[in-house]
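Geometric and topological summary
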Amino acid sequence: MPSATLSDFYRDKKIDFTVGYGNNRLSISGWWRGEILGFELNSKSWINEDGEEITCPYPDSEEFEQIAAALYPLLQQHY
């Protein structure tokens, strides 16, 4: 991906995801409703911006988890 697409000009300040994948493990993190949250698909765990495990955030956790579940088979197939 060209580095220019990672600049603030191209990023949405409200929903902005980072995807991490390796060893068949997927994590997504990013801004979500003004907070930085992370979700690890394989362990089904959530973390806050300090790396502390948190309870499943409301009201959008299901949608966040669905994004991760949809990405997982694509990443397995291509990486």
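Placed above this text is the structure.
Predicted model, so just to flag it, every value in this text is computed and none were measured.

Before going further, it helps to spend a moment on the packing of aromatic side chains. When we look at a pair of aromatic rings, we describe it by the centre distance and by the angle of the planes. Evaluated as defined, the whole model comprises four aromatic pairs. With centroids separated by 6.1 Å and ring planes inclined at 70°, the aromatic side chains of Tyr 21 and Tyr 72 adopt a geometry described as edge-to-face. Pair noted here: Tyr 21 is in strand 1 (residues 15-22) and Tyr 72 is in helix 1 (residues 61-78), with a separation of 51 residues, a long-range link. The exposure class assigned to Tyr 21 is partly exposed, which follows from its relative accessible area of 25%. Given the relative accessible area of 16%, Tyr 72 is considered buried. Each ring, one from Phe 39 and one from Trp 46, has its centre 4.9 Å from the other, and the planes form 45°; the classification is tilted. Residue Phe 39 is classed as buried on the basis of its relative accessible area, which comes to 2%. Clustering of aromatic rings is evident, with ring pairs tying together Phe 17, Phe 39, Trp 46 and Phe 64.

We now examine the side chain of Glu 40. Within the secondary structure, Glu 40 is located in strand 3 (residues 35-40). Classification of Glu 40 as buried rests on a relative accessible area of 16%. Within the structure, the side chain of Glu 40 is placed 2.6 Å from the backbone nitrogen of Ser 43, a separation counted as a polar contact. Aside from chain neighbours lying at most four places away, what touches Glu 40 is Arg 25, Leu 26, Ser 27 and Ser 45.

Criteria and cut-off values
Residues numbered from 1 in each chain as written. Predicted model: local features only at pLDDT ≥ 70, side-chain atom pairs only at ≥ 80, totals over all residues. Heavy atoms only, no water. Phe/Tyr/Trp six-rings, centres within 6.5 Å; stacked < 30°, edge-to-face > 60°. Helix = DSSP H or I, 4+ residues; strand = E, 2+ residues; numbered from the N terminus. Buried < 20%, exposed > 50% of the residue type's maximum accessible area, 1.4 Å probe, protein only. Polar contact = N/O pair within 3.5 Å; in protein donor to acceptor, adjacent residues only side chain to side chain. Contact = heavy atoms within 4.5 Å.

Geometric descriptors of this kind do not, in isolation, establish any biological role.
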